[in-house]
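Take a look at the letters that make up each chain.
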Amino acid sequence: LEVAEKIIGACPEVIQLALFSATVSPDVQKLISEMFEGVEIMRTKRSEQVAEGLTTQNLKVIDGKRWPLLKKLLEEDRKGSTLIFTNTREQCDDLAKRLIKDEIEHVVYRGEMDKVERRQNLKSFRDGAIKVLISTDLASRGLDVEHVDRVINYNMPSHVENYLHRVGRTARAGRTGLAINFI
């Protein structure tokens, strides 16, 4: 908010303001209501829908045993990369420990970790050096990695909007993709 106020303060009195965002989070909504008057929000026709090229598969988790399902999926030979979502940093770290134990190469991308390590992990994933990225919802917005052909919701998000952002990391720009939900 401070930065936005500083930018507006440096502008002439009579200006036209426009804000463009792929998503309107509660923080962005607050910014809009505080900085703009007479706001008109325009959305694309498909703004709250999954991509046409997305295939969804729901896997039933029996007795809370997610790991055997995931391990089997990760053993499959795939051309593209896999983005695995958890709901919390703790879930992310617990899953990473399991992958380390089973010697499955991966990187973690979540808040509250060293920024240099987080950037390096994302670079390794983006460059295709590592094919599996485990993340919280931090990776669900603003991340465009062409070779992500599979998103796995290891833990389902509690809000539909978060689900749409997660699965929106695959099947982008006319490509196909797979979303697997652990139910």
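This text follows the structure it describes.
Source: prediction; values computed, not measured.

1. Here we look at the sheet that holds strand β6 (residues 177–182)
- Pairing is parallel across the open sheet formed by 6 strands, whose spatial order is β1-β6-β5-β2-β4-β3. Both outer strands of the open sheet, β1 (54–59) and β3 (107–109), are each paired with one neighbouring strand and no more. Each strand of the sheet is rotated relative to its neighbour by a mean of 20°, with strand direction disregarded.
- Here strand β2 (residues 81–85) runs beside strand β4 (residues 132–135); their pairing, made up of 4 bridges, is parallel. Among the inter-strand pairings, Leu83 is bridged to a residue of β4, identified as Leu133.

2. Things to note about the side chain of Thr82
- You can see Thr82 is positioned in strand β2.
- By relative accessible area, which is 2% here, Thr82 ends up buried.
- A polar contact is formed between the side chain of Thr82 and the side chain of Arg150, at a distance of 2.9 Å.
- Leave out the neighbours within four places in its chain, and Thr82 touches Leu74, Phe125, Lys131, Val132, Leu133, Arg150 and Ile152.

Parameters at a glance
- Residues numbered from 1 in each chain as written.
- Predicted model: local features only at pLDDT ≥ 70, side-chain atom pairs only at ≥ 80, totals over all residues.
- Heavy atoms only, no water.
- Pairing = 2+ DSSP bridges.
- Helix = DSSP H or I, 4+ residues; strand = E, 2+ residues; numbered from the N terminus.
- Axes fitted to C-alpha atoms, helices over the stretch in contact; angles between N-to-C directions.
- Buried < 20%, exposed > 50% of the residue type's maximum accessible area, 1.4 Å probe, protein only.
- Polar contact = N/O pair within 3.5 Å; in protein donor to acceptor, adjacent residues only side chain to side chain.
- Contact = heavy atoms within 4.5 Å.

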